[in-house]
Amino acid sequence: MDAIRVCAEVPGSSKSTTETINGSHEFKISGYSLAKGMGIGKYVASDTFTVGGYSWAVYFYPDGKSPEDNSLYVSLFIALASEGADVRALFELTLVDQSGNERHKVHSHFGRTLESGPYTLKYRGSMWGYKRFFKRTLLESSDYLKDNCLLVRCCVGVVKSSTEGPRSYNIPVPVSDLGYQFGKLLESGKGADVTFHVNGERFLAHRVVLAARSPVFRAQLFGPLRNKNTKRINIEDIEAPIFKAILFASVQPGTFSPGALLLFSNI
């Protein structure tokens, strides 16, 4: 099977595309009151999840991440949990309002202009988030805490850049069976517009098909010396089976031998 190569864009051109691959994760923190007092810098972590080919995890610090805050705030971060260098990403951390009033506490990179661009994580364990995410006394009296549980939603958009040159495609071209189809048409006799009479037998055919496939029939049917009556043609001095073989061979490439061609041209 042959193939045709098609170029979909202007040769010599290229295009650079930068976009984000987005993903999200929901982290439920149950038993909040029991997590308190574990110590400054201690955390509970979500399971890892994958976005943009990297693993990520959410870290919640019930007593805060920094000693200078003296456990007055809870801290919330998202961390790169797999190997990577200079991973650029957008982040969103949401503390869900569990009262149903939709008054979520949201810190987001998405949907706003970033003066310094996306955040860059240099290595595994690099974090983005807030040491003073929420004052603990306010959190414990808010609708964010329900049944001793907190619900955190995290969205990550990993920035990816790619450059594309002209696209080309190999389109398979099936082997032609046109000769076979013409043979079936000849066999059926449908739409025939010429009849050959050979020793008492009739053979229906199609003038245009014969002329297109055989120079002998082209001359016989459309040449300057063609028969006056091209709808009925009498063939003499040839056996009907031989004529039938020549007729069918004429519409199928590679089967019309020079000997048969010479034989018919002398009729």
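To be clear, the structure that these remarks concern was listed above.
So, how was this worked out
Residues numbered from 1 in each chain as written. Predicted model: local features only at pLDDT ≥ 70, side-chain atom pairs only at ≥ 80, totals over all residues. Heavy atoms only, no water. Helix = DSSP H or I, 4+ residues; strand = E, 2+ residues; numbered from the N terminus. Buried < 20%, exposed > 50% of the residue type's maximum accessible area, 1.4 Å probe, protein only. Contact = heavy atoms within 4.5 Å. Areas by Shrake-Rupley, 256 points an atom, 1.4 Å probe, with all protein chains shown as cover. Phe/Tyr/Trp six-rings, centres within 6.5 Å; stacked < 30°, edge-to-face > 60°. Polar contact = N/O pair within 3.5 Å; in protein donor to acceptor, adjacent residues only side chain to side chain. Pairing = 2+ DSSP bridges. Axes fitted to C-alpha atoms, helices over the stretch in contact; angles between N-to-C directions. Arc of directions from axis to C-beta. Disulfide = S-S within 2.5 Å. Core = buried A, V, L, I, M, F, W, Y, C linked by side-chain atoms within 4.5 Å.

Asker: I would appreciate a short explanation of the overall build of the protein in the present structure.
Answerer: When helices and strands are counted, the protein shows 7 helices and 15 strands. Of all 267 residues assigned to the protein, the portion counted as buried reaches 36%. Taking as baseline every contact in the protein between residues at least 6 positions apart, the subset at least 24 positions apart corresponds to 70%. Accessible area of the protein: about 15900 Å², with a carbon and sulfur share of 50%.

Asker: What exactly am I supposed to notice about the packing of aromatic side chains here?
Answerer: In this description, an aromatic ring pair is defined by two values, namely the gap between the centres and the angle between the planes. One pass over the structure, following the stated rule, counts 12 aromatic pairs. For the ring pair Tyr61 and Phe77, a centre distance of 6.1 Å and an interplane angle of 85 degrees mean the geometry is edge-to-face. Here Phe77 lies in strand S6 (residues 73-80) and Tyr61 lies in strand S5 (residues 54-61), a separation of 16 residues in the sequence. With a relative accessible area of 8%, Phe77 lands in the buried category.

Asker: Is there a simple way to explain the side chain of Ser82 in this structure?
Answerer: Locating Ser82 in the fold gives a position in the loop between S6 and strand S7 (87-95). A relative accessible area of 15% places Ser82 in the buried class. Reaching out from Ser82, the side chain makes a polar contact with the backbone nitrogen of Ser55 at a distance of 3.0 Å. Ignoring any residue separated from it by four or fewer positions in sequence, one finds Ser82 in contact with Tyr54, Ser55 and Arg124.

Asker: Which parts of the structure should I look at to understand the sheet that holds strand S15 (residues 232-235)?
Answerer: Strand pairs in the sheet, formed through backbone hydrogen bonds, run parallel or antiparallel to each other. In space, the 3 strands of this open sheet follow the order S14-S13-S15, with mixed pairing throughout. Among the strands making up the open sheet, the edge pair consists of strand S14 (201-205) and S15. Adjacent strand axes in the sheet meet at a mean angle of 25 degrees, parallel and antiparallel pairs treated alike. Both strand S13 (residues 194-198) and S15 contribute to a ladder of 4 bridges, which runs parallel. Pairing of His197 across the sheet is with Asn234, part of S15.

Asker: Looking at this structure, how should I read helix H5 (residues 215-222)?
Answerer: Along an α-helix, a turn takes 3.6 residues, which lines up residues three or four apart on a common side. Of the residues making up H5, those classed as buried are Val216, Phe217 and Leu221. Relative to the axis of H5, the buried residues are bounded by an arc of 115 degrees and lie together on one face.

Asker: I'm lost on unusual backbone geometry in this one. Help?
Answerer: Residues other than glycine predominantly adopt negative phi, and peptide bonds predominantly adopt the trans conformation. Phi at Asn70 takes a positive value of approximately 55 degrees, unusual for a residue other than glycine. Mapped onto the secondary structure, Asn70 falls in the loop between S5 and S6. The exposed category is assigned to Asn70, whose relative accessible area is 57%. Despite not being glycine, Asn148 shows a phi value in the positive range, around 65 degrees. Secondary-structure assignment places Asn148 in the loop between helix H2 (136-139) and strand S11 (149-164).

Asker: Would you mind showing me how to read the state of the cysteines here?
Answerer: Note on terminology: a disulfide is the covalent bond linking the sulfur atoms of two cysteines. The tally for this structure, following the rule as stated, stands at 0 disulfides. Lacking any disulfide linkage, Cys155 is separated from the closest cysteine sulfur, that of Cys154, by 6.6 Å.

Asker: So what exactly am I meant to see when it comes to the nonpolar core here?
Answerer: Most often, soluble globular proteins keep nonpolar side chains buried together rather than apart. Of all hydrophobic cores here, the largest spans 29 residues; its most connected members are Trp56 and Val156. Secondary structure elements with two or more residues in this core: strand S2 (15-30), strand S4 (49-51), S5, S6, S7, strand S10 (127-135) and S11. Core analysis: the next-biggest nonpolar cluster, separate from the first, contains 18 residues, Val194, Phe196, Phe203 and Leu221 among them.

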